[in-house]
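So you can see what is in the structure, the chains are spelled out below.
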Amino acid sequence: MSLADIIRHAPSSETLSLWLEKVPYAAYLGIEARVEGDDILFILPPDDKLLGNPAIRAIHGGVIGAFMEQAAVFHLIARMETPVLPKIIDFSLDYLRANFARHTYARCHVTRQGRSVANVHITAWQDDEQQPTATARAHFLIDEALT
Amino acid sequence: MKRLSDQEKHRLISSLGEHIAHTHALGITVEKVEGEALTLRLPYAENLVGDPATGVLHGGVITVLLDQTLGVAALACDSLAPSIAPTLDLRIDHLRVAPPGKDILATASVYRTTRRVLFTQGIAYWDSPDNTIARATGTWLRLDEVDTTWTGNIERKEA
(Lines give C-alpha, C1' and ligand atoms only; values in the text may rest on other atoms or scores of the structure.)
Protein backbone atom coordinates (compact mmCIF):
# COMPACT_ATOMS: atom_id res chain seq x y z
CA MET A 1 0.00 0.00 0.00
CA SER A 2 1.36 3.42 -0.92
CA LEU A 3 1.47 6.40 1.40
CA ALA A 4 -1.32 7.96 -0.68
CA ASP A 5 -3.53 4.90 -0.04
CA ILE A 6 -2.76 4.79 3.65
CA ILE A 7 -3.49 8.45 4.30
CA ARG A 8 -7.02 8.00 2.94
CA HIS A 9 -7.87 6.23 6.18
CA ALA A 10 -8.92 8.31 9.18
CA PRO A 11 -5.93 8.76 11.47
CA SER A 12 -5.76 6.46 14.44
CA SER A 13 -2.53 5.86 16.31
CA GLU A 14 -2.21 2.76 14.11
CA THR A 15 -2.68 4.47 10.72
CA LEU A 16 -0.40 7.30 11.87
CA SER A 17 2.40 4.84 12.53
CA LEU A 18 1.77 3.34 9.07
CA TRP A 19 2.06 6.85 7.57
CA LEU A 20 5.29 7.51 9.42
CA GLU A 21 6.80 4.18 8.37
CA LYS A 22 6.17 5.09 4.72
CA VAL A 23 8.21 8.30 4.93
CA PRO A 24 11.83 7.13 4.89
CA TYR A 25 13.39 10.03 6.80
CA ALA A 26 10.59 10.08 9.42
CA ALA A 27 11.14 6.35 9.94
CA TYR A 28 14.92 6.88 10.12
CA LEU A 29 14.48 9.54 12.81
CA GLY A 30 12.11 7.18 14.66
CA ILE A 31 9.15 9.58 14.85
CA GLU A 32 6.03 8.18 16.54
CA ALA A 33 2.52 9.59 16.89
CA ARG A 34 -0.44 9.11 19.16
CA VAL A 35 -4.00 10.29 18.62
CA GLU A 36 -5.31 12.08 21.72
CA GLY A 37 -8.96 13.01 21.22
CA ASP A 38 -9.05 15.48 18.32
CA ASP A 39 -5.35 16.15 18.63
CA ILE A 40 -2.18 14.33 17.63
CA LEU A 41 0.88 14.07 19.86
CA PHE A 42 4.13 13.51 17.95
CA ILE A 43 7.00 11.82 19.75
CA LEU A 44 10.71 11.65 18.95
CA PRO A 45 12.38 9.00 21.15
CA PRO A 46 16.04 9.58 22.05
CA ASP A 47 18.67 7.97 19.84
CA ASP A 48 22.42 8.60 19.75
CA LYS A 49 22.34 9.12 15.98
CA LEU A 50 20.17 12.23 16.49
CA LEU A 51 22.78 14.10 18.56
CA GLY A 52 24.36 17.30 17.31
CA ASN A 53 26.39 18.40 20.31
CA PRO A 54 28.52 15.71 21.95
CA ALA A 55 29.65 17.99 24.80
CA ILE A 56 26.18 18.44 26.29
CA ARG A 57 24.54 15.46 24.50
CA ALA A 58 21.95 17.66 22.80
CA ILE A 59 19.87 16.61 19.81
CA HIS A 60 20.88 18.29 16.53
CA GLY A 61 18.88 21.48 16.01
CA GLY A 62 18.16 20.47 12.43
CA VAL A 63 16.65 17.17 13.64
CA ILE A 64 14.27 19.09 15.90
CA GLY A 65 13.29 21.18 12.86
CA ALA A 66 12.76 18.06 10.73
CA PHE A 67 10.66 16.46 13.47
CA MET A 68 8.47 19.57 13.74
CA GLU A 69 8.07 19.85 9.96
CA GLN A 70 7.02 16.19 9.73
CA ALA A 71 4.55 16.70 12.60
CA ALA A 72 2.99 19.65 10.76
CA VAL A 73 2.70 17.69 7.50
CA PHE A 74 0.84 14.80 9.12
CA HIS A 75 -1.23 17.08 11.31
CA LEU A 76 -2.46 18.77 8.10
CA ILE A 77 -3.09 15.51 6.25
CA ALA A 78 -5.13 14.23 9.19
CA ARG A 79 -7.51 17.18 8.75
CA MET A 80 -7.99 16.84 4.99
CA GLU A 81 -11.07 15.43 3.32
CA THR A 82 -9.08 14.57 0.21
CA PRO A 83 -5.57 14.02 1.50
CA VAL A 84 -2.61 15.29 -0.51
CA LEU A 85 0.97 15.60 0.64
CA PRO A 86 1.47 19.25 1.68
CA LYS A 87 4.55 20.94 0.19
CA ILE A 88 6.61 23.15 2.46
CA ILE A 89 6.95 26.79 1.34
CA ASP A 90 8.84 28.24 4.28
CA PHE A 91 9.82 27.31 7.80
CA SER A 92 10.80 29.57 10.68
CA LEU A 93 12.22 27.93 13.77
CA ASP A 94 12.95 29.49 17.15
CA TYR A 95 15.26 27.52 19.40
CA LEU A 96 14.33 28.24 23.02
CA ARG A 97 16.19 25.57 25.01
CA ALA A 98 18.55 22.69 24.28
CA ASN A 99 16.89 19.34 23.53
CA PHE A 100 18.75 16.70 25.47
CA ALA A 101 18.93 12.97 24.74
CA ARG A 102 15.45 12.13 25.99
CA HIS A 103 11.92 12.07 24.56
CA THR A 104 10.88 15.15 22.60
CA TYR A 105 7.22 15.91 21.89
CA ALA A 106 5.45 18.13 19.38
CA ARG A 107 1.94 19.40 18.92
CA CYS A 108 0.59 21.48 16.02
CA HIS A 109 -2.00 24.19 15.64
CA VAL A 110 -3.35 25.22 12.25
CA THR A 111 -3.48 29.00 12.52
CA ARG A 112 -5.06 29.49 9.11
CA GLN A 113 -6.02 27.18 6.29
CA GLY A 114 -7.03 28.79 3.04
CA ARG A 115 -7.81 27.15 -0.29
CA SER A 116 -4.19 26.55 -1.21
CA VAL A 117 -2.02 27.54 1.74
CA ALA A 118 -1.95 26.45 5.38
CA ASN A 119 -0.17 28.25 8.20
CA VAL A 120 0.83 25.89 11.00
CA HIS A 121 2.32 26.65 14.39
CA ILE A 122 4.34 23.85 15.99
CA THR A 123 5.51 23.58 19.59
CA ALA A 124 8.15 21.12 20.80
CA TRP A 125 9.03 20.32 24.41
CA GLN A 126 10.69 17.69 26.55
CA ASP A 127 9.77 17.76 30.25
CA ASP A 128 6.99 20.32 30.39
CA GLU A 129 4.70 21.40 27.58
CA GLN A 130 4.53 24.84 29.21
CA GLN A 131 8.30 25.19 28.76
CA PRO A 132 8.81 24.62 25.03
CA THR A 133 12.27 23.78 23.72
CA ALA A 134 11.39 25.11 20.26
CA THR A 135 8.54 26.75 18.42
CA ALA A 136 8.11 26.92 14.66
CA ARG A 137 5.82 28.41 12.05
CA ALA A 138 5.46 26.94 8.58
CA HIS A 139 3.51 27.60 5.41
CA PHE A 140 2.48 24.67 3.25
CA LEU A 141 1.05 24.52 -0.25
CA ILE A 142 -1.87 22.11 -0.17
CA ASP A 143 -3.73 22.74 -3.40
CA GLU A 144 -3.25 19.70 -5.60
CA ALA A 145 -3.70 21.77 -8.76
CA LEU A 146 -0.80 24.03 -7.84
CA THR A 147 1.73 21.37 -6.89
CA MET B 1 39.60 30.89 13.62
CA LYS B 2 41.71 33.90 12.79
CA ARG B 3 44.77 33.44 10.59
CA LEU B 4 43.94 29.87 9.63
CA SER B 5 44.37 29.07 5.95
CA ASP B 6 41.42 27.65 3.99
CA GLN B 7 43.19 24.30 4.05
CA GLU B 8 43.64 24.35 7.85
CA LYS B 9 39.99 25.33 8.31
CA HIS B 10 38.92 22.53 5.96
CA ARG B 11 40.83 20.01 8.06
CA LEU B 12 39.53 21.34 11.41
CA ILE B 13 35.92 21.49 10.26
CA SER B 14 36.17 17.97 8.80
CA SER B 15 37.39 16.52 12.09
CA LEU B 16 34.78 18.52 14.01
CA GLY B 17 32.13 16.94 11.78
CA GLU B 18 33.08 13.48 12.96
CA HIS B 19 31.92 14.41 16.47
CA ILE B 20 28.48 15.53 15.36
CA ALA B 21 26.58 12.25 15.35
CA HIS B 22 23.59 13.09 13.15
CA THR B 23 25.33 14.90 10.32
CA HIS B 24 28.10 12.28 10.44
CA ALA B 25 25.44 9.55 10.10
CA LEU B 26 23.99 11.41 7.10
CA GLY B 27 27.44 11.45 5.48
CA ILE B 28 27.68 15.26 5.36
CA THR B 29 31.24 16.28 4.45
CA VAL B 30 33.17 19.50 3.87
CA GLU B 31 33.16 20.33 0.16
CA LYS B 32 35.03 23.62 0.15
CA VAL B 33 36.30 26.42 2.38
CA GLU B 34 36.91 29.78 0.72
CA GLY B 35 37.68 32.43 3.32
CA GLU B 36 34.45 32.98 5.24
CA ALA B 37 32.32 30.87 2.89
CA LEU B 38 31.84 27.24 3.87
CA THR B 39 30.31 24.58 1.61
CA LEU B 40 29.09 21.20 2.88
CA ARG B 41 27.85 18.24 0.80
CA LEU B 42 24.96 15.93 1.68
CA PRO B 43 24.96 12.70 -0.36
CA TYR B 44 21.55 11.61 -1.66
CA ALA B 45 20.27 8.52 0.12
CA GLU B 46 17.01 6.56 0.04
CA ASN B 47 16.53 6.82 3.79
CA LEU B 48 16.45 10.63 3.59
CA VAL B 49 13.43 10.77 1.29
CA GLY B 50 10.30 12.68 2.33
CA ASP B 51 7.95 11.74 -0.49
CA PRO B 52 8.22 8.04 -1.33
CA ALA B 53 6.17 8.55 -4.52
CA THR B 54 8.79 10.86 -6.08
CA GLY B 55 12.03 10.13 -4.19
CA VAL B 56 12.42 13.81 -3.33
CA LEU B 57 14.45 14.44 -0.15
CA HIS B 58 12.62 15.35 3.06
CA GLY B 59 12.39 19.11 3.71
CA GLY B 60 13.75 18.35 7.19
CA VAL B 61 16.96 16.95 5.68
CA ILE B 62 17.51 20.32 4.01
CA THR B 63 16.88 21.93 7.41
CA VAL B 64 19.56 19.71 8.99
CA LEU B 65 22.06 20.54 6.23
CA LEU B 66 21.42 24.29 6.41
CA ASP B 67 21.43 24.36 10.24
CA GLN B 68 24.79 22.58 10.13
CA THR B 69 26.31 24.75 7.38
CA LEU B 70 25.20 28.07 8.91
CA GLY B 71 26.25 26.89 12.39
CA VAL B 72 29.71 25.75 11.35
CA ALA B 73 30.19 28.90 9.25
CA ALA B 74 29.49 30.84 12.47
CA LEU B 75 31.97 28.66 14.33
CA ALA B 76 34.65 29.20 11.69
CA CYS B 77 34.15 32.96 11.45
CA ASP B 78 37.57 34.66 11.09
CA SER B 79 36.98 37.51 13.50
CA LEU B 80 36.00 35.27 16.42
CA ALA B 81 37.54 32.63 18.61
CA PRO B 82 36.02 29.22 17.87
CA SER B 83 33.02 28.72 20.08
CA ILE B 84 29.72 26.95 19.82
CA ALA B 85 26.94 29.38 20.48
CA PRO B 86 23.28 28.47 20.84
CA THR B 87 21.10 28.96 17.77
CA LEU B 88 18.42 31.58 18.29
CA ASP B 89 16.50 30.99 15.11
CA LEU B 90 16.66 29.56 11.64
CA ARG B 91 14.43 30.58 8.76
CA ILE B 92 14.25 28.67 5.48
CA ASP B 93 12.51 29.43 2.19
CA HIS B 94 12.00 26.28 0.13
CA LEU B 95 12.24 27.55 -3.44
CA ARG B 96 12.07 24.27 -5.37
CA VAL B 97 12.98 20.63 -4.90
CA ALA B 98 16.11 18.98 -6.26
CA PRO B 99 15.80 16.09 -8.71
CA PRO B 100 15.86 12.74 -6.88
CA GLY B 101 19.34 11.21 -6.77
CA LYS B 102 21.22 14.52 -6.63
CA ASP B 103 23.61 15.33 -3.79
CA ILE B 104 22.77 18.61 -2.08
CA LEU B 105 25.39 21.29 -1.42
CA ALA B 106 24.99 24.15 1.03
CA THR B 107 27.12 27.29 1.19
CA ALA B 108 26.94 29.69 4.13
CA SER B 109 28.77 32.60 5.70
CA VAL B 110 28.50 35.10 8.52
CA TYR B 111 27.38 38.48 7.22
CA ARG B 112 27.29 40.47 10.43
CA THR B 113 28.76 40.07 13.89
CA THR B 114 27.88 42.15 16.91
CA ARG B 115 29.08 41.82 20.49
CA ARG B 116 26.22 39.44 21.32
CA VAL B 117 24.79 38.14 18.04
CA LEU B 118 26.04 36.44 14.85
CA PHE B 119 23.97 36.76 11.67
CA THR B 120 24.44 34.06 9.04
CA GLN B 121 22.95 33.26 5.66
CA GLY B 122 23.23 30.45 3.19
CA ILE B 123 21.74 28.54 0.28
CA ALA B 124 21.22 24.90 -0.63
CA TYR B 125 21.48 23.71 -4.25
CA TRP B 126 22.39 20.86 -6.52
CA ASP B 127 25.39 20.93 -8.92
CA SER B 128 25.66 24.73 -8.98
CA PRO B 129 24.31 27.71 -7.00
CA ASP B 130 22.19 28.45 -10.09
CA ASN B 131 20.01 25.55 -8.93
CA THR B 132 19.13 27.02 -5.54
CA ILE B 133 16.53 24.91 -3.74
CA ALA B 134 16.45 26.74 -0.41
CA ARG B 135 17.64 29.97 1.16
CA ALA B 136 18.26 30.30 4.89
CA THR B 137 19.07 32.93 7.47
CA GLY B 138 20.04 32.13 11.03
CA THR B 139 21.09 33.99 14.16
CA TRP B 140 23.37 32.72 16.87
CA LEU B 141 23.91 34.08 20.35
CA ARG B 142 27.53 34.69 21.32
CA LEU B 143 28.43 33.43 24.74
CA ASP B 144 30.82 35.34 26.96
CA GLU B 145 33.12 32.43 27.49
CA VAL B 146 34.73 30.45 24.71
CA ASP B 147 33.62 26.82 24.67
CA THR B 148 36.84 24.88 24.18
CA THR B 149 35.15 21.47 24.36
CA TRP B 150 34.94 21.20 20.60
CA THR B 151 38.40 22.33 19.68
CA GLY B 152 39.64 20.29 22.65
CA ASN B 153 38.02 17.22 21.08
CA ILE B 154 39.78 17.90 17.83
CA GLU B 155 43.17 18.27 19.46
CA ARG B 156 42.72 15.15 21.58
CA LYS B 157 41.70 13.14 18.55
CA GLU B 158 44.72 14.24 16.58
CA ALA B 159 47.18 13.81 19.44
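All values reported here derive from a predicted model rather than from experimental measurement.

Thoughts on the nonpolar core
Line of reasoning, step 1. Formed by 88 residues in total, the largest nonpolar core has its most connected members in M68 and I122 of chain A together with I104 of chain B.
Line of reasoning, step 2. It is helix α4 (residues 61-79) of chain A that provides the largest number of residues to this core, a total of 11 residues.
Line of reasoning, step 3. Apart from residues no more than four positions distant in its own chain, I122 of chain A is found in contact with M68, A72, F91, A106, R107, C108, A134, T135, A136 and A138 of chain A.

Looking at the pattern of salt bridges
Between side chains of opposite charge, a pair can form as their charged atoms come close.
Line of reasoning, step 1. Under the defined criterion, the tally for this structure stands at 12 salt bridges over all chains.
Line of reasoning, step 2. The salt bridge partner of R107 of chain A is D39 of chain A, with a shortest N-O separation of 3.3 Å. Of this pair, R107 of chain A sits in strand β6 (residues 104-113) while D39 of chain A sits in strand β2 (residues 39-44), placing them 68 residues apart in sequence.
Line of reasoning, step 3. Using a relative accessible area of 21% as the deciding quantity, one classes D39 of chain A as partly exposed.
Line of reasoning, step 4. Among the ionic pairs, R41 of chain B bridges to D103 of chain B, the shortest N-O distance being 3.0 Å. Remark: D103 of chain B occurs in the loop between β5 (87-94) and β6 (104-113) and R41 of chain B occurs in strand β2 (residues 37-42); sequence separation between them is 62 residues.
Line of reasoning, step 5. Exposure remark for R41 of chain B: the relative accessible area of 25% places this residue in the partly exposed category.
Line of reasoning, step 6. In this structure D103 of chain B comes out as partly exposed when scored by relative accessible area, which is 27%.
Line of reasoning, step 7. Salt bridges here are not isolated pairs; linked through shared partners, they connect R34, E36, D39, R107 and E129 of chain A.

Basis of the calculations
Residues numbered from 1 in each chain as written. Chains lettered and ligands numbered in written order. Predicted model: local features only at pLDDT ≥ 70, side-chain atom pairs only at ≥ 80, totals over all residues. Heavy atoms only, no water. Core = buried A, V, L, I, M, F, W, Y, C linked by side-chain atoms within 4.5 Å. Buried < 20%, exposed > 50% of the residue type's maximum accessible area, 1.4 Å probe, protein only. Helix = DSSP H or I, 4+ residues; strand = E, 2+ residues; numbered from the N terminus. Contact = heavy atoms within 4.5 Å. Salt bridge = Lys/Arg side-chain N within 4 Å of Asp/Glu carboxyl O.

These figures capture arrangement, not role.
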